Amino acid sequence: MNLTLSGNLTEIATQGTAPLFSAPALIVVRDLLKRYGDLTAVAGISFAVQRGEVFGLLGPNGAGKTTTVEILEGLRARDGGEVTVCSFDPATSAADVKRRLGVTLQATALPDKIQVREALALFARFYPRQADIAQLLKLVALEEKARSQFDTLSGGQQQRLAIALALVNDPDVVILDEPTTGLDAQARRELHQVILDLKRAGKTVLLTTHYIEEAERLCDRVAIIDHGKIIALGSPRELIAQSRGQSRIELRTTEPVPLRVLRQLPFIESVTESGGVYSLRSVDVSRALIALVKWLEVEQRELEDLHVTRPTLEDTFIELTGKRIRE
Ligand code: ATP
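Draft legend 1. Examining the packing of aromatic side chains more closely. Throughout the structure, instances matching the rule amount to 2 aromatic pairs. With a centroid separation of 5.1 Å and an interplanar angle of 15°, the aromatic rings of Phe 47 and Phe 55 are classed as stacked. Its end group placed over the ring of Tyr 211, Arg 188 keeps NZ or CZ at 4.0 Å from the ring centre.

Draft legend 2. Structural context of the pattern of salt bridges. Per the counting criterion, the structure on display carries 16 salt bridges. In this structure, the salt-bridge partner of Glu 70 is Arg 76, at a minimum N-O distance of 2.6 Å. Overall, the relative accessible area of 17% leaves Glu 70 in the buried class. Assessed through its relative accessible area of 34%, Arg 76 is described here as partly exposed. For Arg 99, the salt bridge identified is with Asp 96, shortest N-O distance 2.9 Å. Here Arg 99 pairs with Asp 96, and both are found in helix H3 (residues 94-100), just 3 residues apart, close to one helical turn. Classification of Asp 96 as partly exposed rests on a relative accessible area of 23%.

Draft legend 3. How the structure looks around the sheet that holds strand E8 (residues 221-226). Judged by pairing direction, the sheet is mixed, and its 6 strands sit side by side in the order E5-E6-E7-E3-E8-E9 without closing on themselves. The open sheet terminates on both sides in strands that have one partner only, identified here as strand E5 (101-104) and strand E9 (229-234). When strand polarity is set aside, the average angle formed by the axes of neighbouring strands in this sheet is 15°. Taken together, the 4 bridges between E5 and strand E6 (residues 173-177) define a ladder with parallel strand orientation. Its bridge partner lying in E6, Val 103 is registered against Ile 175.

Draft legend 4. Main features of the sheet that holds strand E11 (residues 270-274). Strand order across the open sheet formed by 4 strands is E11-E12-E10-E13, with antiparallel pairing between neighbours. In this open sheet, the two strands that pair with only one neighbour each are E11 and strand E13 (303-309). On average, adjacent strands in this sheet sit at an angle of 20° to one another, irrespective of strand direction. Where strand E10 (residues 247-253) and E13 come together, 6 bridges link them in antiparallel fashion. Of the residues in E13, the one forming a bridge with Arg 252 is Asp 305. Lying over the sheet, helix H11 (residues 285-298) contacts E10, strand E12 (277-282) and E13, oriented at roughly 15° with respect to E10.

Draft legend 5. Structural view of the pairing of E11. Examined bridge by bridge, E11 and E12 share 5 bridges and lie antiparallel to one another. Across the sheet, residue Ser 274 finds its bridge partner in E12, namely Val 277. Linking E11 to E12, which pair antiparallel, is a turn of 2 residues; within it Gly 275 sits at a positive phi near 55°.

Draft legend 6. Geometry of the packing of helix H4 (residues 116-124) against helix H6 (residues 155-166). Between H4 and H6, the least distance of the axes is 9 Å, while the angle of their chain directions is 25°. Classified by the interaxial angle, the pair formed by H4 and H6 is roughly parallel. Crossing hand, H4 versus H6: right-handed. Of H6, the residues touching H4 (which contributes Val 116, Ala 119, Leu 120 and Phe 123) are Leu 161, Ala 164 and Leu 165. Across the contact of H4 with H6, the residue classes tally to 7 nonpolar, no polar and no charged.

Draft legend 7. Examining the site of the ligand more closely. In the neighbourhood of the ligand, 14 residues make up the surrounding shell, with Gly 62, Lys 65, Thr 66, Thr 67 and Glu 178 lying closest. At a separation of 2.7 Å, an oxygen atom of the ligand approaches a polar backbone atom of Gly 62. Contacts to the ligand include Gly 64, whose backbone N or O atom sits 2.9 Å from an oxygen atom. Elements with a minimum of two residues in the shell around the ligand: strand E2 (39-49) and helix H2 (65-72). Top contributing element to the shell around the ligand by residue count: H2, with 3 residues. Taken together, the residues of the shell around the ligand sort by class into 5 nonpolar, 6 polar and 3 charged.

Draft legend 8. Expanded view of the domain arrangement of the protein chain. Here the protein chain is partitioned into domain 1 (2-241) and domain 2 (246-310). With centres defined by C-alpha atoms, the gap from domain 1 to domain 2 works out at 43 Å.

Draft legend 9. Region of the structure containing the pairing of strand E7 (residues 204-209). The element E7 is largely enclosed, with a buried count of 6 among its 6 residues. Alternating residues of E7 divide into Thr 204, Leu 206 and Thr 208 and Val 205, Leu 207 and Thr 209, and every residue in both groups is buried. Relative to E7, strand E3 (residues 54-58) runs parallel, the two sharing 5 bridges. In the strand pairing of E7, Leu 58 is matched with Thr 209. With helix H7 (residues 185-200) bridging E6 and the parallel E7, this β-α-β connection has right-handed handedness.

Draft legend 10. Focus on the confidence of the model for the protein chain. Confidence in the prediction for the protein chain averages 87 pLDDT; 91% of positions are at 70 or higher. Taken element by element, the protein chain is modelled with least confidence in helix H1 (residues 9-13), mean pLDDT 41, and with most confidence in strand E1 (residues 27-36), mean pLDDT 97. Overall, residues 1-14 carries pLDDT values under 50, and its contacts beyond four positions in sequence, including any with other chains, amount to 33 contacts. Low confidence marks residues 16-20, where pLDDT is under 50. Its contacts with residues over four positions away, or in another chain, come to 20 contacts.

Conventions and cut-offs
- Residues numbered from 1 in each chain as written.
- Predicted model: local features only at pLDDT ≥ 70, side-chain atom pairs only at ≥ 80, totals over all residues.
- Heavy atoms only, no water.
- Phe/Tyr/Trp six-rings, centres within 6.5 Å; stacked < 30°, edge-to-face > 60°.
- Lys NZ or Arg CZ within 6 Å of the ring centre and 35° of its normal.
- Salt bridge = Lys/Arg side-chain N within 4 Å of Asp/Glu carboxyl O.
- Buried < 20%, exposed > 50% of the residue type's maximum accessible area, 1.4 Å probe, protein only.
- Helix = DSSP H or I, 4+ residues; strand = E, 2+ residues; numbered from the N terminus.
- Pairing = 2+ DSSP bridges.
- Axes fitted to C-alpha atoms, helices over the stretch in contact; angles between N-to-C directions.
- Contact = heavy atoms within 4.5 Å.
- Parallel < 35°, antiparallel > 145°, perpendicular 65-115°, else oblique.
- Left-handed = near helix turned anticlockwise from the far one by under 90°.
- Nonpolar A, V, L, I, M, F, W, Y, C, P; charged D, E, K, R; others polar.
- Near = heavy atom within 4 Å.
- Polar contact = N/O pair within 3.5 Å; in protein donor to acceptor, adjacent residues only side chain to side chain.
- Domains from an automatic or database assignment.
- Right-handed = clockwise from strand over helix to strand, strands pointing away.
- pLDDT = per-residue confidence, 0-100.

In C-alpha coordinates, the structure reads:
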(Lines give C-alpha, C1' and ligand atoms only; values in the text may rest on other atoms or scores of the structure.)
Protein backbone atom coordinates (compact mmCIF):
# COMPACT_ATOMS: atom_id res chain seq x y z
CA MET A 1 0.00 0.00 0.00
CA ASN A 2 1.32 3.43 -0.86
CA LEU A 3 1.34 5.81 2.09
CA THR A 4 1.95 9.01 0.20
CA LEU A 5 -0.91 11.44 0.61
CA SER A 6 -1.82 14.48 -1.36
CA GLY A 7 -2.21 17.86 0.36
CA ASN A 8 -5.99 17.57 0.11
CA LEU A 9 -7.40 18.50 3.52
CA THR A 10 -10.47 16.28 3.34
CA GLU A 11 -8.24 13.35 2.64
CA ILE A 12 -5.85 14.31 5.43
CA ALA A 13 -8.72 14.98 7.82
CA THR A 14 -9.85 11.39 7.62
CA GLN A 15 -6.43 10.08 8.54
CA GLY A 16 -5.83 8.87 12.06
CA THR A 17 -8.00 8.01 14.99
CA ALA A 18 -9.38 11.43 15.90
CA PRO A 19 -12.48 12.64 14.01
CA LEU A 20 -10.93 15.88 12.83
CA PHE A 21 -13.82 18.21 12.24
CA SER A 22 -16.57 16.86 14.46
CA ALA A 23 -15.54 19.13 17.37
CA PRO A 24 -13.76 22.41 16.72
CA ALA A 25 -10.09 21.55 16.50
CA LEU A 26 -7.83 23.64 18.73
CA ILE A 27 -5.25 23.97 15.97
CA VAL A 28 -6.20 24.14 12.31
CA VAL A 29 -3.61 24.54 9.57
CA ARG A 30 -4.87 24.61 5.98
CA ASP A 31 -2.66 24.80 2.88
CA LEU A 32 0.01 26.69 4.81
CA LEU A 33 2.72 28.25 2.68
CA LYS A 34 5.94 29.96 3.74
CA ARG A 35 8.81 31.12 1.56
CA TYR A 36 12.19 32.50 2.51
CA GLY A 37 13.25 34.18 -0.75
CA ASP A 38 13.50 31.40 -3.34
CA LEU A 39 13.20 28.64 -0.74
CA THR A 40 9.73 27.23 -0.05
CA ALA A 41 10.12 26.10 3.57
CA VAL A 42 6.45 25.10 4.02
CA ALA A 43 4.73 23.97 0.85
CA GLY A 44 1.00 23.60 1.51
CA ILE A 45 0.69 21.83 4.86
CA SER A 46 -2.72 20.90 6.31
CA PHE A 47 -3.57 19.29 9.64
CA ALA A 48 -5.82 19.78 12.63
CA VAL A 49 -5.23 19.00 16.30
CA GLN A 50 -8.15 18.00 18.50
CA ARG A 51 -8.60 18.91 22.16
CA GLY A 52 -6.64 16.54 24.40
CA GLU A 53 -4.48 15.18 21.59
CA VAL A 54 -0.70 14.94 21.55
CA PHE A 55 0.08 15.62 17.90
CA GLY A 56 3.59 15.26 16.50
CA LEU A 57 5.31 16.92 13.57
CA LEU A 58 8.07 14.45 12.79
CA GLY A 59 10.74 15.27 10.25
CA PRO A 60 14.44 15.75 9.65
CA ASN A 61 16.31 19.02 10.20
CA GLY A 62 15.11 21.66 7.77
CA ALA A 63 11.78 19.93 7.04
CA GLY A 64 9.77 23.03 8.02
CA LYS A 65 8.62 22.08 11.53
CA THR A 66 9.89 25.17 13.36
CA THR A 67 8.62 27.49 10.64
CA THR A 68 5.16 25.92 10.98
CA VAL A 69 5.01 26.24 14.75
CA GLU A 70 6.42 29.77 14.70
CA ILE A 71 3.59 30.78 12.37
CA LEU A 72 1.13 29.20 14.84
CA GLU A 73 2.77 31.14 17.66
CA GLY A 74 2.44 34.41 15.73
CA LEU A 75 6.22 34.83 15.52
CA ARG A 76 6.33 34.57 11.71
CA ALA A 77 4.09 35.82 8.91
CA ARG A 78 2.79 33.27 6.40
CA ASP A 79 2.67 33.61 2.63
CA GLY A 80 -0.52 31.63 2.12
CA GLY A 81 -3.11 29.35 3.68
CA GLU A 82 -5.16 29.55 6.85
CA VAL A 83 -4.16 29.01 10.46
CA THR A 84 -6.14 29.12 13.69
CA VAL A 85 -5.26 28.43 17.31
CA CYS A 86 -8.33 28.10 19.56
CA SER A 87 -10.29 29.63 16.64
CA PHE A 88 -8.08 32.75 16.50
CA ASP A 89 -5.75 33.67 13.65
CA PRO A 90 -2.31 34.37 15.14
CA ALA A 91 -1.59 36.88 12.35
CA THR A 92 -4.51 39.14 13.32
CA SER A 93 -5.40 38.14 16.90
CA ALA A 94 -1.98 37.66 18.48
CA ALA A 95 -3.11 38.63 22.00
CA ASP A 96 -6.02 36.15 21.97
CA VAL A 97 -3.69 33.39 20.81
CA LYS A 98 -1.03 34.30 23.36
CA ARG A 99 -3.50 33.99 26.24
CA ARG A 100 -4.45 30.43 25.22
CA LEU A 101 -1.09 29.14 24.09
CA GLY A 102 2.00 27.93 25.97
CA VAL A 103 5.24 27.62 24.06
CA THR A 104 8.71 26.25 24.63
CA LEU A 105 11.29 27.33 22.09
CA GLN A 106 14.31 25.26 21.12
CA ALA A 107 16.43 27.13 23.67
CA THR A 108 15.33 28.92 26.83
CA ALA A 109 17.39 31.91 27.96
CA LEU A 110 16.90 33.06 31.55
CA PRO A 111 19.13 35.12 33.83
CA ASP A 112 21.69 32.73 35.39
CA LYS A 113 20.88 33.64 38.97
CA ILE A 114 17.09 33.55 38.82
CA GLN A 115 15.56 30.83 41.01
CA VAL A 116 13.14 28.29 39.58
CA ARG A 117 10.08 29.40 41.58
CA GLU A 118 10.97 33.05 41.06
CA ALA A 119 11.07 32.58 37.26
CA LEU A 120 7.67 30.90 37.29
CA ALA A 121 6.14 33.64 39.47
CA LEU A 122 7.67 36.34 37.24
CA PHE A 123 6.31 34.83 34.01
CA ALA A 124 2.89 34.19 35.57
CA ARG A 125 2.52 37.89 36.34
CA PHE A 126 2.18 38.64 32.61
CA TYR A 127 -1.09 36.70 32.35
CA PRO A 128 -4.58 37.22 33.78
CA ARG A 129 -5.09 33.44 34.07
CA GLN A 130 -2.39 31.74 36.12
CA ALA A 131 -1.61 28.13 36.92
CA ASP A 132 -0.82 27.03 40.46
CA ILE A 133 2.97 27.20 40.77
CA ALA A 134 3.26 24.39 43.34
CA GLN A 135 1.35 22.11 40.97
CA LEU A 136 3.54 23.11 38.07
CA LEU A 137 6.69 22.31 40.06
CA LYS A 138 5.22 18.92 40.88
CA LEU A 139 4.26 18.23 37.26
CA VAL A 140 7.80 18.84 36.02
CA ALA A 141 9.41 17.14 39.06
CA LEU A 142 11.28 20.28 40.15
CA GLU A 143 9.82 20.67 43.65
CA GLU A 144 13.22 20.12 45.25
CA LYS A 145 14.81 22.63 42.89
CA ALA A 146 12.31 25.43 43.60
CA ARG A 147 15.03 27.59 45.20
CA SER A 148 17.84 26.58 42.87
CA GLN A 149 19.35 29.07 40.47
CA PHE A 150 18.84 28.54 36.74
CA ASP A 151 22.58 28.13 36.03
CA THR A 152 22.83 25.24 38.52
CA LEU A 153 20.18 23.14 36.73
CA SER A 154 21.08 20.27 34.41
CA GLY A 155 20.04 20.43 30.75
CA GLY A 156 17.06 18.18 31.43
CA GLN A 157 15.98 20.26 34.44
CA GLN A 158 16.25 23.46 32.40
CA GLN A 159 14.07 21.93 29.72
CA ARG A 160 11.50 20.79 32.31
CA LEU A 161 11.50 24.35 33.70
CA ALA A 162 10.90 25.59 30.12
CA ILE A 163 7.80 23.39 29.98
CA ALA A 164 6.59 24.71 33.35
CA LEU A 165 7.11 28.27 32.06
CA ALA A 166 5.02 27.41 29.02
CA LEU A 167 2.23 26.38 31.38
CA VAL A 168 2.14 29.39 33.72
CA ASN A 169 -0.90 30.86 31.92
CA ASP A 170 -2.75 27.52 32.19
CA PRO A 171 -2.96 27.36 28.38
CA ASP A 172 -5.39 25.29 26.34
CA VAL A 173 -2.68 24.39 23.83
CA VAL A 174 1.01 23.74 24.42
CA ILE A 175 3.60 23.79 21.64
CA LEU A 176 6.87 22.04 22.36
CA ASP A 177 9.50 22.60 19.66
CA GLU A 178 12.07 19.80 19.77
CA PRO A 179 11.88 19.63 23.57
CA THR A 180 14.42 16.84 24.02
CA THR A 181 17.09 17.79 21.49
CA GLY A 182 20.53 17.65 23.10
CA LEU A 183 19.37 15.79 26.22
CA ASP A 184 20.83 12.47 27.31
CA ALA A 185 18.69 9.32 27.35
CA GLN A 186 17.79 9.60 31.05
CA ALA A 187 16.79 13.29 30.82
CA ARG A 188 14.81 12.52 27.67
CA ARG A 189 12.88 9.76 29.46
CA GLU A 190 12.08 12.13 32.33
CA LEU A 191 10.81 14.73 29.90
CA HIS A 192 8.70 12.12 28.12
CA GLN A 193 7.04 11.39 31.46
CA VAL A 194 6.22 15.09 31.86
CA ILE A 195 4.61 15.14 28.41
CA LEU A 196 2.59 12.01 29.21
CA ASP A 197 1.45 13.67 32.45
CA LEU A 198 0.46 16.77 30.47
CA LYS A 199 -1.67 14.58 28.26
CA ARG A 200 -3.22 12.94 31.31
CA ALA A 201 -4.05 16.42 32.60
CA GLY A 202 -6.04 16.95 29.38
CA LYS A 203 -3.69 19.41 27.68
CA THR A 204 -3.53 19.61 23.91
CA VAL A 205 0.06 19.32 22.79
CA LEU A 206 1.76 19.98 19.47
CA LEU A 207 5.24 18.53 19.52
CA THR A 208 7.97 18.78 16.91
CA THR A 209 10.67 16.17 16.92
CA HIS A 210 13.18 14.34 14.80
CA TYR A 211 13.28 11.43 17.24
CA ILE A 212 11.21 8.59 15.84
CA GLU A 213 10.86 6.79 19.16
CA GLU A 214 9.61 10.00 20.78
CA ALA A 215 6.84 10.37 18.20
CA GLU A 216 5.98 6.70 18.52
CA ARG A 217 5.84 6.76 22.30
CA LEU A 218 4.14 10.10 22.98
CA CYS A 219 1.93 11.05 20.06
CA ASP A 220 -1.68 10.09 19.40
CA ARG A 221 -1.15 11.12 15.79
CA VAL A 222 1.89 12.06 13.81
CA ALA A 223 2.37 14.04 10.61
CA ILE A 224 5.56 12.99 8.86
CA ILE A 225 6.97 16.09 7.23
CA ASP A 226 9.75 16.32 4.67
CA HIS A 227 10.79 19.22 2.42
CA GLY A 228 7.90 21.34 3.67
CA LYS A 229 5.20 18.78 2.88
CA ILE A 230 3.22 16.28 4.94
CA ILE A 231 3.86 12.91 3.37
CA ALA A 232 1.87 10.79 5.83
CA LEU A 233 -0.51 11.40 8.73
CA GLY A 234 -2.05 9.02 11.24
CA SER A 235 -1.51 7.30 14.57
CA PRO A 236 1.94 5.69 14.87
CA ARG A 237 0.24 2.29 14.85
CA GLU A 238 -1.67 3.10 11.65
CA LEU A 239 1.39 4.46 9.90
CA ILE A 240 3.39 1.38 10.80
CA ALA A 241 0.55 -0.97 9.82
CA GLN A 242 0.12 0.73 6.43
CA SER A 243 3.79 0.47 5.59
CA ARG A 244 5.21 -2.49 3.79
CA GLY A 245 7.61 -3.02 6.68
CA GLN A 246 7.73 -6.64 7.70
CA SER A 247 8.08 -8.15 11.15
CA ARG A 248 11.13 -10.28 11.78
CA ILE A 249 11.20 -13.55 13.74
CA GLU A 250 14.61 -14.57 14.98
CA LEU A 251 15.15 -18.03 16.41
CA ARG A 252 17.88 -20.37 17.48
CA THR A 253 17.30 -24.12 17.71
CA THR A 254 19.30 -26.84 19.51
CA GLU A 255 19.89 -28.59 16.16
CA PRO A 256 20.24 -27.04 12.71
CA VAL A 257 17.11 -26.68 10.58
CA PRO A 258 17.29 -26.79 6.75
CA LEU A 259 16.57 -23.31 5.36
CA ARG A 260 14.35 -24.76 2.60
CA VAL A 261 12.02 -26.21 5.26
CA LEU A 262 11.64 -22.85 6.97
CA ARG A 263 11.09 -21.16 3.61
CA GLN A 264 8.16 -23.51 2.89
CA LEU A 265 6.29 -22.56 6.07
CA PRO A 266 3.17 -20.45 5.48
CA PHE A 267 3.30 -16.63 5.87
CA ILE A 268 7.12 -16.60 5.70
CA GLU A 269 8.48 -14.27 3.03
CA SER A 270 12.20 -14.87 3.39
CA VAL A 271 14.67 -16.75 5.58
CA THR A 272 18.35 -16.10 6.24
CA GLU A 273 20.79 -17.65 8.70
CA SER A 274 23.81 -16.16 10.40
CA GLY A 275 25.82 -17.66 13.26
CA GLY A 276 23.12 -20.24 14.01
CA VAL A 277 20.35 -17.58 14.22
CA TYR A 278 17.54 -17.91 11.68
CA SER A 279 15.91 -14.67 10.63
CA LEU A 280 12.45 -14.99 9.11
CA ARG A 281 10.53 -12.09 7.55
CA SER A 282 6.75 -12.16 7.58
CA VAL A 283 3.85 -9.82 6.85
CA ASP A 284 1.58 -11.84 9.17
CA VAL A 285 3.76 -12.58 12.13
CA SER A 286 1.07 -14.12 14.38
CA ARG A 287 0.12 -16.79 11.84
CA ALA A 288 3.75 -17.37 10.86
CA LEU A 289 4.61 -17.98 14.52
CA ILE A 290 1.77 -20.49 14.93
CA ALA A 291 2.94 -22.39 11.84
CA LEU A 292 6.54 -22.30 13.04
CA VAL A 293 5.74 -23.58 16.54
CA LYS A 294 3.53 -26.36 15.14
CA TRP A 295 6.32 -27.48 12.82
CA LEU A 296 8.87 -27.46 15.66
CA GLU A 297 6.51 -29.55 17.78
CA VAL A 298 5.84 -32.12 15.06
CA GLU A 299 9.54 -32.40 14.24
CA GLN A 300 10.42 -32.42 17.94
CA ARG A 301 12.91 -29.60 17.54
CA GLU A 302 13.78 -27.55 20.58
CA LEU A 303 13.88 -23.78 20.60
CA GLU A 304 16.80 -22.10 22.34
CA ASP A 305 15.79 -18.53 21.70
CA LEU A 306 12.98 -16.62 19.97
CA HIS A 307 12.57 -12.89 19.27
CA VAL A 308 9.93 -11.01 17.32
CA THR A 309 10.80 -7.55 16.00
CA ARG A 310 7.96 -5.40 14.75
CA PRO A 311 8.50 -2.68 12.13
CA THR A 312 8.79 0.83 13.56
CA LEU A 313 8.00 4.34 12.39
CA GLU A 314 11.63 4.46 11.28
CA ASP A 315 10.83 1.75 8.69
CA THR A 316 7.81 3.77 7.58
CA PHE A 317 9.91 6.91 7.29
CA ILE A 318 12.60 5.17 5.24
CA GLU A 319 9.94 3.66 2.98
CA LEU A 320 8.35 7.05 2.35
CA THR A 321 11.47 9.16 1.93
CA GLY A 322 14.16 6.68 0.96
CA LYS A 323 16.38 7.95 3.79
CA ARG A 324 16.87 7.76 7.53
CA ILE A 325 15.45 10.66 9.52
CA ARG A 326 18.89 11.57 10.88
CA GLU A 327 21.56 11.20 8.22
P1 ATP B 1 15.17 22.06 12.58
O2 ATP B 1 14.81 20.80 13.26
O3 ATP B 1 16.60 22.09 12.11
O4 ATP B 1 14.75 23.30 13.31
P5 ATP B 1 12.84 22.36 10.93
O6 ATP B 1 12.14 21.17 10.41
O7 ATP B 1 12.29 23.01 12.12
O8 ATP B 1 14.35 22.01 11.18
P9 ATP B 1 12.81 24.96 9.73
O10 ATP B 1 13.67 25.55 10.80
O11 ATP B 1 11.38 25.33 9.71
O12 ATP B 1 12.94 23.37 9.71
O13 ATP B 1 13.49 25.32 8.33
C14 ATP B 1 12.90 24.96 7.07
C15 ATP B 1 13.77 25.49 5.96
O16 ATP B 1 13.73 26.92 5.96
C17 ATP B 1 15.26 25.14 6.11
O18 ATP B 1 15.77 24.91 4.82
C19 ATP B 1 15.86 26.38 6.74
O20 ATP B 1 17.22 26.51 6.37
C21 ATP B 1 15.03 27.47 6.13
N22 ATP B 1 14.90 28.64 7.01
C23 ATP B 1 14.42 28.66 8.27
N24 ATP B 1 14.40 29.91 8.77
C25 ATP B 1 14.90 30.71 7.80
C26 ATP B 1 15.12 32.12 7.70
N27 ATP B 1 14.83 32.94 8.70
N28 ATP B 1 15.62 32.58 6.53
C29 ATP B 1 15.91 31.77 5.51
N30 ATP B 1 15.70 30.43 5.53
C31 ATP B 1 15.20 29.90 6.66
